[in-house]
2 protein chains.
Amino acid sequence: MVAEFDLIDRYFRPLVADGDFGQLLRDDCAHLPLRALASDLVLTVDTLIEGVHFLASDPPETVARKALRVNLSDLAAKGASPVGCLLALSLPSSAHALKSEAWLADFARGLALDLQQFDLQLLGGDTTSGPGPLSISITALGHATGAAASQPPMLRGAGRAGDLLCVTGPIGWGYLGLQVLQGGLDLPEATKRQAIQHYRLPEPRLREGALLRGSGTVHACMDISDGLVADARHLADAAGLACLLDLAKIPLAEPKLDPVAQITGGDDYQLLFACPGEAAEAIMTQLEQGAIIGRLTQGQGLTLLDADGNALRLAKEGYVHAKP
Amino acid sequence: MVAEFDLIDRYFRPLVADGDFGQLLRDDCAHLPLRALASDLVLTVDTLIEGVHFLASDPPETVARKALRVNLSDLAAKGASPVGCLLALSLPSSAHALKSEAWLADFARGLALDLQQFDLQLLGGDTTSGPGPLSISITALGHATGAAASQPPMLRGAGRAGDLLCVTGPIGWGYLGLQVLQGGLDLPEATKRQAIQHYRLPEPRLREGALLRGSGTVHACMDISDGLVADARHLADAAGLACLLDLAKIPLAEPKLDPVAQITGGDDYQLLFACPGEAAEAIMTQLEQGAIIGRLTQGQGLTLLDADGNALRLAKEGYVHAKP
């Protein structure tokens, strides 16, 4: 145990912010000065468990980066920029499952890369050891800056009837990546690499989130982590509304092998948002890959429409016309 | 799985702060307004794993409360008062280990009790399910208020040579409680209950921590979670100093069955602090159970002294004179 925690000291301590920020001199607490905050604090925590949220075969660098990025994606959905994070790492204690020093070194290197890339501080953390699989719980702290700071956060439940539903980019890359990694999908080498990259290293849409909040016109926003269909339903439910999705308007990751799987598969991390029609048009001119894909209406539940405006019914085997 | 998360919704959602604080309408992020903060933010995260940090037989109410209290104890050591927390709960997914609805209801009730008792908000959280044992990771946020707000946090590594080492109360209750629960210790019923209470429901020394920081005279402070001997060594190491402990001056939980086990056993959660001699005397008049137990000196390592000032050597089997 001592040796294990020595390793952690060796690989993680150098990453922890020092000076005025962070966890000084092996303290149990971290410190974040108020002057570092440009607005109210936005906080999120997400846990990733090996075998559940990532594959045991995923490289340690990308495991660390994904664990951070899924949290940054939550901040992005509130138009917030990252300030800092805390890492709670639970390592498997059994000799069989014990991560090697090389694994920890690679994990720490991946984390360091993304701390730098997304300009946030590792403020502190806790490391434990137990009988379970590797588990990574990251708490991320953010604030709104620039134009976003003077606008309210885009709460999940703040959509209004009549709002258009939009996404910041193509849907289904996460699904394709997982399929490739699980051996169920044969694609050209370059596409395979691209799909795996999307699954292992999702891109938190921080620029887009800040732009949406800064516009002052977006009512509701969330990141798509459970799949577009499930999350559109979550966004509508939270507002006590129904949503209509136009299947033909949903931008899909290429190749469009299985549209239903792509719009129901998870791990996408594009943003889904609701805003009035005139605002949506203005926003689309600023988003390279954005699309208007549906709308919120009175009622409840989710309806998927085909190109002719007929309702499709999502079933396990695919989608079928609701009224044949 | 759906049913399980419905349960979580049922039992935890009502605890989450609403309105301006907290996680609104099933959002992925929580919100903490800057005006809620009286000073720079103090943050800490601690993970408790079933079978490692608490016993599977511990009541769910006290498991929740202990998971919160060990974090509040870290805040106390920096003289900070709790503001809010985030809860990352990982539940075992196997049918055998799955926690019953009653277990979750009791856990949530325990958490609610302590949120009220210690006047902090549950801001949000995340729930996952995996093959491992129950794991609870709490991130706690605090700030310094009153007299403490104008004093610097008492960093673990800020002790100075010549400082006296002090504790806020008796040492070894955690050890006695664990021994009673593991059946290795027969005590009168009332003492048993008291020992178990200390183990399962440690008291975060928030009042004492605020008093120490507010005094402006305490250089270094930490909570005693790994055992007094280990933590005194941690405090001295962090300052690049040595420490001397006077065994006869260490206040012990009664009965003093095994002093060495009591000063080396964990789960105590009294505060250990370092300050100049004149300040220590003044502070002792304000602490009901405080004691001066040693001092920091130039050098390195920990020395335990007997009543005559002779060095004792701690060994697995107990302590012996270093120079017989």
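Residues numbered from 1 in each chain as written. Chains lettered and ligands numbered in written order. Predicted model: local features only at pLDDT ≥ 70, side-chain atom pairs only at ≥ 80, totals over all residues. Heavy atoms only, no water.

(A) Representation of the packing of aromatic side chains within the structure. Residues and elements named next belong to chain A. Inspection of the entire model under this criterion finds four aromatic pairs over all chains. When the centroid spacing of 5.3 Å and the interplanar angle of 20° are considered together, the rings of Trp-103 and Phe-107 count as stacked. Separated by four residues within a single helix, Trp-103 and Phe-107 lie in helix H3 (residues 101-117), roughly one turn from each other. Both residues of the pair, Trp-103 and Phe-107, count as buried. (Phe/Tyr/Trp six-rings, centres within 6.5 Å; stacked < 30°, edge-to-face > 60°. Helix = DSSP H or I, 4+ residues; strand = E, 2+ residues; numbered from the N terminus. Buried < 20%, exposed > 50% of the residue type's maximum accessible area, 1.4 Å probe, protein only.)

(B) Spotlight on the interface of chain B and chain A. Taken together, the contacts link 48 residues of chain B with 48 residues of chain A. At the boundary of chain B with chain A, total buried surface from both sides reaches about 4,100 Å², with 62% on carbon and sulfur atoms. Ranking the residues of chain B by area buried against chain A places B:Asp28, B:Leu34 and B:Leu43 at the top, with a combined share of 15%. Linking chain B with chain A are eleven residue pairs in polar contact (both at pLDDT 80 or more), by the criterion used here. Mapped onto the side of chain B that touches chain A, the elements with two or more residues apiece are strand S1 (30-32), strand S2 (41-49), helix H2 (60-77), strand S3 (81-92), strand S4 (121-130) and strand S5 (135-143) of chain B. With eight residues, S2(B) is the largest single contributor of residues to the side of chain B that touches chain A. For the side of chain B that touches chain A, a count of residues per class yields 24 nonpolar, 14 polar and ten charged. Two elements, strand S1 (residues 30-32) of chain A and S2(B), share three bridges in a ladder whose sense is antiparallel. Residue pairing for S2(B): A:His31 is matched across the bridge by B:Val42. (Contact = heavy atoms within 4.5 Å. Buried area = accessible area lost by both parts, 1.4 Å probe. Polar contact = N/O pair within 3.5 Å; in protein donor to acceptor, adjacent residues only side chain to side chain. Nonpolar A, V, L, I, M, F, W, Y, C, P; charged D, E, K, R; others polar. Pairing = 2+ DSSP bridges.)

(C) Representation of the packing of H2(B) against helix H3 (residues 101-117) of chain B within the structure. Residue and element names in this part refer to chain B. Two elements in contact, H2 and H3, have axes separated by 7 Å at closest approach and are oriented at 40°. In terms of their interaxial angle, H2 and H3 are classed as oblique. Here H2 and H3 pass one another in a crossing that is right-handed. Here Pro-60, Glu-61, Val-63, Ala-64, Arg-65, Leu-68 and Arg-69 of H2 come into contact with H3, specifically with Trp-103, Asp-106, Phe-107, Arg-109, Gly-110, Leu-111, Leu-113, Asp-114, Leu-115 and Gln-117. Residue classes in the contact of H2 with H3 are distributed as nine nonpolar, two polar and six charged. (Axes fitted to C-alpha atoms, helices over the stretch in contact; angles between N-to-C directions. Parallel < 35°, antiparallel > 145°, perpendicular 65-115°, else oblique. Left-handed = near helix turned anticlockwise from the far one by under 90°.)

(D) Seen up close, unusual backbone geometry. All names here are of chain A. Going from Glu-254 to Pro-255, the amide bond is cis rather than trans, its omega being 0°. Residue placement: Pro-255 occurs in the loop between strand S8 (242-246) and helix H8 (259-264). In this structure, Asp-119 is a non-glycine residue whose phi angle is positive, near 55°. Turning to its location among the elements, Asp-119 is positioned in the loop between H3 and strand S4 (121-130).

(E) How the structure looks around the relation of the copies chain B and chain A. With an axial shift of 0.0 Å and an RMSD of 0.0 Å, the rotation relating chain B to chain A amounts to 180°. Taken together, the rotation angle and the small translation identify this as a two-fold axis. Within chain B, B:Gly132 has its C-alpha nearest the rotation axis, a separation of 1.9 Å. When the interface residues of chain B are mapped onto chain A, 100% of them are again interface residues, pointing to one common binding face. (Least-squares fit on C-alpha atoms with pLDDT ≥ 70 in both.)

(F) Molecular detail of the sheet that holds S2(B). Spatially, S1(A)-S2(B)-S5(B)-S3(B)-S4(B) is the arrangement adopted by the five strands of the open sheet, whose pairing is mixed. With one partner strand each, in any of the chains shown, S1 of chain A together with S4 of chain B form the two edges of the open sheet. Ignoring strand direction, the axes of neighbouring strands in this sheet form an average angle of 20°. Packed on one face of the sheet, H2(B) meets S2, S3 and S5 of chain B and runs near 145° to S2(B).

(G) Just the pairing of S2(B), in detail. Residue and element names in this part refer to chain B. Counting buried residues along S2, nine of its nine residues qualify, which places the element largely inside the surrounding structure. With eight bridges joining them, S2 and S5 adopt antiparallel strand pairing. Residue pairing across strands places Ile-49 opposite Ser-135, the latter belonging to S5.

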